[in-house]
Amino acid sequence: MSSKPAVLICGGINTFSRAIAEFLVPDVGEPLVSYLRIVDKPSVAPTPSCYVGSKFPTLLETGIVEYKQTNLLNASNVTKVFDPAEGQAPFSIVFDCTGEILYDRKDDFQAVNTASLSYGIGLEAARRKVAAYVRLQQPYYECPAEKTDKPAHTEKDTLKPESVRGTWFHETLRLLAGIKDLNLAILRVGSVYGPHTLCAELTYCLILGAVYKKAEQEFRFLYPANRINTVHTDDVAAASWAVAQWIAKVGREEGNKIAGEDIYFAIDKELVKDLKGEPGPKEKLVAPFFNIVDDADATQGKIAEMVASIYGIKTGTYNLFLGTLAKLSLNDVASEANEQHTHTWHQLIQESDPPVTKGHVSAFMEPHLFGKRAVAYSAAKIKNVLGYTLRRPKITKEAIQEVLDSYKADGIWPNTA
Ligand SMILES: *[C@@H]1O[C@H](CO)[C@@H](O)[C@H](O)[C@H]1NC(C)=O
Ligand SMILES: *[C@@H]1O[C@H](CO)[C@@H](O)[C@H](O)[C@H]1NC(C)=O
């Protein structure tokens with residue numbers, strides 16, 4: 001039998017799982033896996049029910065990559081997902097990219113669809129004694145080190161999870177950390193960008209660039225000095241793999257000693273009093289934990305400058321606007337801006353020749369995205385402990401252009417923008 005591992009990726013078809021799959025089974029060169037199964041809720045073939053990009057379907061033709069449309073809320077479905085494919089070794093590495101990323105889902109929904117869903121997969125992985133279970137963690141935390149004059153946050157900082165979504169994503173880490181014999185390691189990503197990836201702040205920045213160019217206006221933004229620390233999907237994938245290799249080698253107990261962090265309690269006690277797997281606020285839970293971001297230490301302003309230069313437009317700040325901003329609610333600001341953005345974006349779509357055939361990109365931005373936010377993490381630990389080297393050390397104009405080109409190639413972007 002092959003010395004390469006069989007790998008299972010759960011969830012994340014709309015976030016990172018396609019990038020991980022493309023890394024594990026590259027266009028050029030040998031695959032790193034003997035077999036790869038990806039499991040998620042949407043259908044991807046023959047007609048995908050979500051955006052999967054133009055590259056992913058070709059992976060499914062290689063013969064060693066399988067996509068299974070499955071509802072992972074059901075325990076017997078999860079068990080089946082772990083059963084090896086015919087003639088293949090049992091899965092020894094699991095990437096857990098699950099979790100509901102929609103911002104406005106309520107506690108009840110997130111408890112089931114993010115926390116309990118992942119916990120169910122973790123339990124099954126422990127039962128099957130998988131060698132590595134890597135949980136991909138979204139950057140849903142409040143980052144007080146919002147400007148570059150302060151050091152970015154390490155894995156030791158007890159950051160407050162941001163809003164309902166972030167609270168349940170963090171709670172998920174606690175549930176997984178509580179599974180003692182799970183070979184768990186957590187990888188927290190910065191603001192992810194990359195070709196064929198839509199769930200990114202960069203996507204919005206590109207939409208706005210196109211919109212302001214069309215409207216012949218300055219590209220203005222609210223918090224240019226605030227950090228938006230980025231990470232390319234190439235590094236999300238390669239770092240996930242590096243973390244998996246490491247935890248598979250050292251195991252959880254040793255992993256905790258080398259890279260364990262306190263997975264602190266950060267949720268209202270009442271919300272989890274009946275939650276299966278949550279031992280309560282007093283229980284100290286530890287799991288290996290790494291951040292991954294690039295070295296650019298990018299800010300909202302730096303990213304916007306690069307996007308503006310792609311579109312050949314000028315940038316500016318909302319000075320005048322900020323005065324009135326204090327008096328307006330975020331919802332008011334958002335609804336006014338969204339009205340203008342979606343109108344102009346719609347015009348661009350209509351004028352596109354060839355026409356935009358797939359309608360996955362919306363210019364609508366959730367109100368919280370207009371708020372004062374920062375993504376500020378240090379990747380020093382993964383470099384020091386694992387010797388990880390970034391593949392894409394800095395976000396660049398060329399890398400952003402690549403993302404834009406991939407959207408156009410996929411038929412989801414107006415050619416006029
Ligand atoms: C999984 O569970 C759901 C609900 O319990 C069920 O309807 C579905 O058919 C099952 N199978 C798959 C492959 O999702
Ligand atoms: C889970 O799905 C299976 C089919 O795969 C079904 O028989 C079973 O009733 C479901 N369980 C629950 C709790 O919905």
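Residues numbered from 1 in each chain as written. Chains lettered and ligands numbered in written order. Predicted model: local features only at pLDDT ≥ 70, side-chain atom pairs only at ≥ 80, totals over all residues. Heavy atoms only, no water.

Looking at an unreviewed UniProt entry, the protein chain carries the name NAD(P)-binding protein, with the source organism given as Exidia glandulosa HHB12029.

Taken as a whole, the protein chain is organised into domain 1 (6-194 + 230-298 + 375-393) and domain 2 (201-226 + 299-370). Put simply, the middle of domain 1 and the middle of domain 2, counted by C-alpha atoms, are 30 Å apart. In total, about 1,000 Å² of surface goes out of reach between domain 1 and domain 2, with carbon and sulfur atoms giving 58% of it. Applying the counting criterion to the domain 1 and domain 2 interface returns zero salt bridges. At the surface where domain 1 touches domain 2, the tally comes to two residue pairs in polar contact (both at pLDDT 80 or more). In terms of residue class, the side of domain 1 that touches domain 2 is built from seven nonpolar, three polar and five charged. (Domains from an automatic or database assignment. Buried area = accessible area lost by both parts, 1.4 Å probe. Salt bridge = Lys/Arg side-chain N within 4 Å of Asp/Glu carboxyl O. Polar contact = N/O pair within 3.5 Å; in protein donor to acceptor, adjacent residues only side chain to side chain. Nonpolar A, V, L, I, M, F, W, Y, C, P; charged D, E, K, R; others polar.)

With that out of the way, let us pick up the site of ligand 1. Every residue close to ligand 1 is listed here: Gln69, Thr70, Asn71, Asn74 and Asn77. Between ligand 1 and Asn71 there is a distance of 3.1 Å, counted from an oxygen atom to a backbone nitrogen or oxygen. Contact between ligand 1 and Asn77: an oxygen atom at 2.4 Å from a side-chain N or O atom of the residue. Here ligand 1, which alone exposes 360 Å², has 42% of that area covered by the protein. Per-class residue counts for the shell around ligand 1 are no nonpolar, five polar and no charged. (Near = heavy atom within 4 Å. Areas by Shrake-Rupley, 256 points an atom, 1.4 Å probe, with all protein chains shown as cover.)

Around ligand 2, the structure places Asn74, Ser76, Asn77 and Lys80. Within the side chain of Asn74, a nitrogen or oxygen atom sits 2.3 Å from an oxygen atom of ligand 2. For ligand 2, an oxygen atom lies 3.0 Å from a polar atom in the side chain of Asn77. A total of 370 Å² of accessible area belongs to ligand 2 in isolation, and the protein chains cover 27% of it. Residue composition of the shell around ligand 2, grouped by class: no nonpolar, three polar and one charged.

This brings us to the packing of aromatic side chains. Think of a pair of aromatic rings as described by two things: how far the centres are apart, and how the planes are tilted against each other in angle. Counted by the stated rule, this structure contains five aromatic pairs. Consider the rings of Tyr140 and Phe169, whose centres lie 5.0 Å apart with planes at 85°: the pair is edge-to-face. Taken together, the residues span a long stretch of sequence, with Tyr140 in the loop between β5 (132-137) and α5 (163-177) and Phe169 in helix α5 at a distance of 29 residues. Aromatic pair Trp246 and Phe290: ring centres 5.3 Å apart, planes at 85°, arrangement edge-to-face. Residue Trp246 is located in helix α7 (residues 233-259), and its partner Phe290 is located in strand β11 (residues 286-292); the two are separated by 44 residues in the primary sequence. Overall, the relative accessible area of 0% leaves Phe290 in the buried class. The rings of Trp345, Tyr407 and Trp413 are connected pair by pair, giving a single aromatic cluster. Geometry around Tyr140 places Arg165 over its ring, the cationic atom sitting 3.7 Å from the centre. Over the ring of Phe290 we find Lys381; its NZ or CZ atom is 5.2 Å from the centre of that ring. (Phe/Tyr/Trp six-rings, centres within 6.5 Å; stacked < 30°, edge-to-face > 60°. Helix = DSSP H or I, 4+ residues; strand = E, 2+ residues; numbered from the N terminus. Buried < 20%, exposed > 50% of the residue type's maximum accessible area, 1.4 Å probe, protein only. Lys NZ or Arg CZ within 6 Å of the ring centre and 35° of its normal.)

Our focus in this paragraph is the environment of Gly209. Topologically, Gly209 is positioned in helix α6 (residues 201-214). The class of Gly209 is buried, set by a relative accessible area of 0%. Along the sequence, Gly209 and Gly260 sit 51 residues apart, while their C-alpha atoms lie 42 Å from each other. Not counting chain neighbours up to four residues away, the residues in contact with Gly209 comprise Phe219, Val307, Tyr311 and Ile313. (Contact = heavy atoms within 4.5 Å.)

Turning our eyes to something else, we now look at the sheet that holds strand β4 (residues 91-96). Ordered by their spatial adjacency, eight strands build an open sheet running β3-β2-β1-β4-β5-β6-β11-β10, and the pairing between neighbours is mixed. The sheet terminates laterally at β3 (65-69) and β10 (260-262), the two strands that pair on one side only. Direction aside, the axes of adjacent strands within the sheet are offset by 30° on average. Two elements, strand β6 (residues 184-189) and β11, share four bridges in a ladder whose sense is parallel. Paired with Ile186 across the two strands is Phe289, which belongs to β11. Helix α4 (residues 107-127) contacts β1 (6-10), β4 and β5 of the sheet and is inclined by roughly 165° relative to β5. Most of the contacts of α7 go to β11, to which it runs at about 155°, and overall it touches β1, β4, β5, β6, β10 and β11. (Pairing = 2+ DSSP bridges. Axes fitted to C-alpha atoms, helices over the stretch in contact; angles between N-to-C directions.)

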